[in-house]
Amino acid sequence: MEWQPDEQGLQQVLQLLKDSQSPNTATQRAVQQKLEQLNQFPDFNNYLIFVLTRLKTEDEPTRSLSGLILKNNVKAHYQNFPPTVADFIKQECLNNIGDPSPLIRATIGILITTIASKGELQTWPELLPQLCNLLNSEDYNTCEGSFGALQKICEDSSELLDSDALNRPLNIMIPKFLQFFKHCSPKIRSHAIACVNQFIIGRAQALMDNIDTFIESLFALAADDDSEVRKNVCRALVMLLEVRIDRLIPHMHSIIQYMLQRTQDPDENVALEACEFWLTLAEQPICKEVLSGHLVQLIPILVNGMKYSEIDIILLKGDVEEDEAVPDSDQDIKPRFHKSRTVTLQHEGGEGEEGEDIEEDDDDDDDTLSDWNLRKCSAAALDVLANVFRDELLPHLLPLLKGLLFHPDWVIKESGILVLGAIAEGCMQGMVPYLPELIPHLIQCLCDKKALVRSIACWTLSRYAHWVVSQPPDSHLKPLMTELLKRILDSNKRVQEAACSAFATLEEEACTELVPYLSFILDTLVFAFGKYQHKNLLILYDAIGTLADSVGHHLNQPEYIQKLMPPLIAKWNELKDEDKDLFPLLECLSSVATALQSGFLPYCEPVYQRCVTLVQKTLAQAMVRTLTLLDMYNQHPDQYEAPDKDFMIVALDLLSGLAEGLGGHVEQLVARSNIMTLLFQCMQDSMPEVRQSSFALLGDLTKACFPHVKPCIAEFMPILGLNLNPEFISVCNNATWAIGEISMQMGAEMQPYVSMVLPHLVEIINRPNTPKTLLENTAITIGRLGYVCPQEVAPQLQQFIRPWCTSLRNIRDNEEKDSAFRGICMMIGVNPGGVVQDFIFFCDAVASWVNPKDDLRDMFYKILHGFKDQVGEENWQQFSEQFPPLLKERLSACYGV
């Protein structure tokens, strides 16, 4: 007997669906409660599917809504549906997939794929065969509805469809889809391509077996009248370029011609898909040879795509010049992610390098349109092509640029400035002769009457900051800085944001060149504090933190501290412990504390206390949540949410900044807190970022106030040993560094712990593909262990001496390098045989010192001369013949060998 609804119950459900479309929030709340009550009745879901598929008299939005509520129930509780209910829903879906209304068909399609993704593809074996059968229906609605559902299933379950679990249905489905590329209806042609497209990136075998048919069918549709079909053809070709370029190469010339046309398609969605082709092609090794003949056509097309569209200008409120007084709404503000501390070393000819596992993204010139669009894609394509072709791009660009940059229409002028910024990285060499003229013109554009021109000029100038700083300061740096600081106080929020970001880039490039202007810079940044709305305040913190990193101890002057600290501390007191705005402020204070050093003393107590509280609170919450979640997690693993540990990570990093900045002065703060107990817990946290920051803090506290750390060493060392796992690069790096710092403080008392850590360190230094930062820190720590426990470490010398020498030759002279080399010299004293085979590497490492301290120079002298005396003059001559000339010269000049 088929299920039938109770008339009264049906009316109740319909009323609920009507109410839920009401804009009134109180009604909405009542609807939510009612839904939760009705979900207790198993056949409530039967009513929902009944309204969707059978009540043809109801209006479509109500029927569709009924289906969407059902979809949410399926998502949340499908495993609890009685089999009769589940079967009724599945049957109704398949019987009505050809509903005359496109909205209802689409809703049923969503419902089918939601059930399928609940593991039902295995337990609903008739689904795929039936949908594929329905494609042959004479009735357009049935064919379209089934294709819509199949497309959603292909999107959601592409991996499963290509696995043995289902007996490889694609062997039948893909040839079937390919037949429909020739269908008379554009909607169905489009579905067919979209279905096959889901399997390109995963290289599904069934598609690879039909690849030539697929490519021919795509070519046949190249000139299709329907824009959705053209879009899917472009998308397919872009993906094939990534996975099966071998099949496209024979046709590459005509594909490029086709994509040049499509990139100018009147439909922007098609043009955007086509534009992706150039981005993908730029990553292919063959890019240069296949594209160079087409640059003359391509470059003007990309440049033309970089103009703001009329819709962009409306969305960006391009005609609103002054909006500084308008508060930001929460959705304007992107979530921020804190980048945990990684300990790095200073290199020859440059500052400390960033950890290699960190990606920087600085190419976002207009964030609010964070939707990818033709302008962004064209600019990104020009950027990557500039990196491929370098200065060969300029002959095609320079003639265009002049016309753009001085154009009376601001939209065109703005796009020219964006072009100039996009090519900055790739074409820098070739642009240098034009920069003395261009930079003053761009600085002038900072005063343009259109806000969107001012903001793009900020971004483009920041892309040339490196060149500006390399010139005499009065020529470009000073005028640029003066104008950028005015833009930081612009009356338009987008300009404020662009100027703040550009200024942060300029700070990183200019470093101490900014010292003469500090007073002026601080006045501006502090004034902005009182002026900025929420979103830009967060960027302002970053600009202040970067300034502190760039000028360092030069900031430690009473007049500067007096300007900067009061507004920062006022913000600090204003923010609650659970406010995410603390992140950027904590990061900023961390940089400021490190730069001010003792100048930060008057402010350190409340800051320190609050950080400890944040760590304590997070740990307590995590404990409570672990206990309650273990219960919940077993019941609903998919709804499991990890507690937010970002507060703890940022607080640990600021504590590191305080320890580093205040040095010994942090001692009394540590004495009065339970930070060591908390640190013991944090070092064992399940989240790698928490451990990473804990080890950085442990190292900084070891340097600043070791007496408080020493009682914990016996408990801490085994944990450090466990974390020497290069799978988590940054955790391993910081743990390694902390062990080195602890060794220097422990001296000979380090002896019981050597065997816990040395084997891991030797393994890491010999691993192929270990990132440079980790290699360097590992070498330093092995050297320091050897310095305090030479007898224990020296027997292993032969296992690590060669990679040890090569990884430290590029490090600047500094304390860490000094202690590590003393360690190596002492170990060579204990086990001279361990270095014999690799002595040339040792010579090279010694020569990398510019001026070692006198007693270290003596150690080097003794080892070099000892070796020379040992082998005899003649053998030494032969040996030193292998030296590169520069090495020979340095050793003879410095050590007389």
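Rules of the game
Residues numbered from 1 in each chain as written. Predicted model: local features only at pLDDT ≥ 70, side-chain atom pairs only at ≥ 80, totals over all residues. Heavy atoms only, no water. UniProt positions renumbered as here; feature names shortened; annotations may be inferred. Helix = DSSP H or I, 4+ residues; strand = E, 2+ residues; numbered from the N terminus. Buried < 20%, exposed > 50% of the residue type's maximum accessible area, 1.4 Å probe, protein only. Contact = heavy atoms within 4.5 Å. Areas by Shrake-Rupley, 256 points an atom, 1.4 Å probe, with all protein chains shown as cover. Lys, Arg positive; Asp, Glu negative; His and termini not counted. Charge placed at Lys NZ, Arg CZ, Asp CG, Glu CD. Axes fitted to C-alpha atoms, helices over the stretch in contact; angles between N-to-C directions. Parallel < 35°, antiparallel > 145°, perpendicular 65-115°, else oblique. Left-handed = near helix turned anticlockwise from the far one by under 90°. Disulfide = S-S within 2.5 Å. Expected span 1.5 Å × (residues − 1). Core = buried A, V, L, I, M, F, W, Y, C linked by side-chain atoms within 4.5 Å. Nonpolar A, V, L, I, M, F, W, Y, C, P; charged D, E, K, R; others polar. Phe/Tyr/Trp six-rings, centres within 6.5 Å; stacked < 30°, edge-to-face > 60°. Lys NZ or Arg CZ within 6 Å of the ring centre and 35° of its normal. Patch = residues over 30% accessible without salt bridge, like charges linked within 9 Å, V, L, I, M, F, W, Y side chains within 5 Å. Salt bridge = Lys/Arg side-chain N within 4 Å of Asp/Glu carboxyl O. Polar contact = N/O pair within 3.5 Å; in protein donor to acceptor, adjacent residues only side chain to side chain. pLDDT = per-residue confidence, 0-100.

Naming follows an unreviewed UniProt entry, where the chain appears as Transportin 2a of Myripristis murdjan. Of the comments in the UniProt record for the chain, the one headed Subcellular location (unreviewed entry) reads "Cytoplasm".

## Brief notes about the overall build of the chain
Of regular secondary structure, the chain possesses 50 helices and 0 strands. In terms of overall dimensions, the chain has C-alpha extents of about 100 × 70 × 65 Å along its principal axes. Buried positions account for 55% of the 897 residues belonging to the chain. Within the chain, residue pairs in contact and separated by at least 24 positions form 75% of the contacts whose partners lie at least 6 positions apart. Of the accessible surface of the chain, which amounts to about 39,600 Å², a share of 52% is contributed by carbon and sulfur atoms. Averaged over its 73 positive side-chain charges, the chain has a centre that lies 1 Å from the centre of its 123 negative ones.

## Considerations on the packing of helix α8 (residues 140-156) against helix α11 (residues 186-197)
The geometry of α8 relative to α11 is characterised by a closest axis approach of 9 Å and an angle of 20 degrees between their N-to-C directions. One way to sum up the angle between α8 and α11 is to call them roughly parallel. Of the two possible hands of crossing, α8 and α11 adopt the one that is left-handed. For the pair formed by α8 and α11, the contact residues are Tyr 140, Cys 143, Glu 144, Phe 147, Gly 148, Leu 150, Gln 151 and Cys 154 on the first element and Lys 187, Ile 188, His 191, Ala 192, Ala 194 and Cys 195 on the second.

## Points about the state of the cysteines
Counted under the stated rule, the structure contains 0 disulfides. Of the cysteine sulfurs around Cys 184, a residue in no disulfide, the closest is that of Cys 143, at 8.9 Å.

## Describing helix α38 (residues 688-704)
Given a rise of 1.5 Å per residue, 17 residues ought to cover 24 Å, and the 24 Å separating the end C-alpha atoms of α38 matches this to within 8%. Extensive coverage of α38 is indicated by the burial of 14 of its 17 residues.

## Describing the nonpolar core
A general tendency of soluble globular proteins is for nonpolar side chains to be buried together. Of all hydrophobic cores here, the largest spans 318 residues; its most connected members are Phe 214, Trp 278, Phe 600 and Trp 804. The element contributing the most residues to this core is helix α35 (residues 646-662), with 11 residues. When near neighbours in sequence (up to four residues on either side) are disregarded, Trp 278 contacts Ile 256, Met 259, Leu 260, Thr 263, Leu 291, Leu 298, Leu 302, Ala 381 and Leu 385.

## Overview of the packing of helix α47 (residues 839-847) against helix α48 (residues 854-871)
At a minimum axis distance of 12 Å, the contact between α47 and α48 shows a crossing angle of 150 degrees. As judged from the angle between their axes, α47 and α48 are roughly antiparallel. α48 is crossed by α47, and the crossing has left-handed handedness. For the pair α47 and α48, the contacting residues are Phe 839, Phe 842, Cys 843 and Val 846 in the first and Phe 860, Ile 863, Leu 864 and Phe 867 in the second. Looking at the contact of α47 with α48 residue by residue, the class counts come to 8 nonpolar, no polar and no charged.

## Considerations on the packing of aromatic side chains
Per the stated rule, a full pass over the model turns up 25 aromatic pairs. Seen from their ring centres, Phe 860 and Tyr 895 are 6.3 Å apart, and the 75 degrees between their planes marks the pair as edge-to-face. With Phe 860 in helix α48 and Tyr 895 in helix α50 (residues 885-895), this pair connects stretches of sequence that are 35 residues apart. Relative accessible area serves as the criterion here: at 0%, Phe 860 is assigned to the buried category. On the basis of relative accessible area, Tyr 895 is assigned to the buried category, the value being 4%. Each ring, one from Phe 879 and one from Phe 883, has its centre 5.4 Å from the other, and the planes form 75 degrees; the classification is edge-to-face. The pair formed by Phe 879 and Phe 883 is uniform in burial state, with each residue classed as buried. Within the aromatic cluster, the residues linked to one another by ring pairs are Phe 839, Phe 842, Phe 867, Trp 876, Phe 879 and Phe 883. The cationic tip of Arg 691 hangs over the ring face of Phe 728; the distance from NZ or CZ to the ring centre is 5.4 Å.

## What to know about unusual backbone geometry
Its identity as a non-glycine residue notwithstanding, Arg 390 has a phi of 50 degrees, on the positive side. Its location among the elements puts Arg 390 in the loop between α21 (374-389) and α22 (394-405). For Arg 390, a relative accessible area of 42% puts it in the partly exposed group. Positive phi is not limited to glycine here, since Cys 511 has a value of about 50 degrees.

## Examining the side chain of Ser 190
Considering the arrangement of structural elements, one finds Ser 190 in helix α11. With relative accessibility at 7%, the residue Ser 190 sits in the buried group. Ignoring sequence-local partners within four residues, the contact set of Ser 190 consists of Glu 228, Val 229 and Asn 232.

## Quick look at the environment of Gly 829
For Gly 829, the position within the fold is in helix α46 (residues 815-830). For the pair Gly 829 and Ile 863, spaced 34 residues apart in the sequence, the C-alpha separation amounts to 8.2 Å.

## Observations regarding a nonpolar patch on the surface
Nonpolar side chains collect at one region of the surface, where Met 623, Val 624 and Leu 627 lie side by side and expose about 310 Å² of accessible area between them. Mapping Leu 627 onto the fold places it in helix α34 (residues 601-635). With a relative accessible area of 57%, Leu 627 lands in the exposed category.

## Considerations on a negative patch on the surface
Taken together, the side chains of Glu 508, Glu 509, Asp 542 and Asp 549 make up a negatively charged region of the molecular surface. If you list the elements that add at least two residues to the negative patch, you get α29 (493-510) and α31 (534-551). Position of Asp 542 among the secondary structure elements: in helix α31.

## Section: the pattern of salt bridges
Applying the stated criterion to the full structure yields 41 salt bridges. Asp 523 is the partner of Lys 563 in a salt bridge, and the nearest nitrogen-oxygen pair spans 3.0 Å. Of this pair, Lys 563 sits in helix α32 (residues 558-574) while Asp 523 sits in helix α30 (residues 518-531), and the two are 40 residues apart along the sequence. We classify Asp 523 as partly exposed; its relative accessible area is 41%. For Glu 574, the salt bridge goes to Lys 571, with nearest N and O atoms at 3.4 Å. Placement of both Glu 574 and Lys 571 in helix α32 is noted, with a separation of 3 residues, approximately one turn of the helix. When its relative accessible area of 52% is taken as the criterion, Glu 574 is described as exposed.

## Things to note about the environment of Pro 285
In this structure, Pro 285 sits in the loop between α17 (268-282) and α18 (287-291). Among the residues examined, Pro 285 registers a relative accessible area of 77% and is labelled exposed. Residues Pro 285 and Phe 600, 315 residues apart in the sequence, show an inter-C-alpha distance of 53 Å.

## A closer look at the UniProt feature "domain: Importin N-terminal" (unreviewed entry) in the chain
Using the residue numbers shown here, the UniProt feature "domain: Importin N-terminal" (unreviewed entry) corresponds to residues 31-99. Helix makes up 71% of residues 31-99 and strand 0%. Its end C-alpha atoms lie 28 Å apart.

## A look at the side chain of Glu 144
Mapping Glu 144 onto the fold places it in helix α8. One polar contact links Glu 144 to Lys 187, side chain to side chain, over a distance of 3.3 Å. With residues up to four places along the chain from it excluded, the contact list for Glu 144 reads Arg 105, Lys 187, Ile 188 and His 191.

## A few points about the confidence of the model for the chain
Chain-level statistics for the chain give a pLDDT mean of 89 and a share of 94% at 70 or above. Overall, residues 349-369 carries pLDDT values under 50, and its contacts beyond four positions in sequence, including any with other chains, amount to 46 contacts.

## Points about the environment of Arg 454
With respect to the helices, strands and loops of the structure, Arg 454 is situated in helix α26 (residues 451-463). A residue is classified by how much of its surface remains accessible, and Arg 454, at 7% relative accessible area, is buried. Spatially, the C-alpha atom of Arg 454 lies 42 Å from that of Val 615, the residues being 161 residues apart in sequence. Setting aside its immediate chain neighbours within four residues, Arg 454 contacts Glu 321, Cys 445, Leu 446, Cys 447, Asp 448, Lys 449, Arg 487, Asp 490, Asn 492 and Val 495. A polar atom in the side chain of Arg 454 sits 2.8 Å from the side chain of Asp 490.

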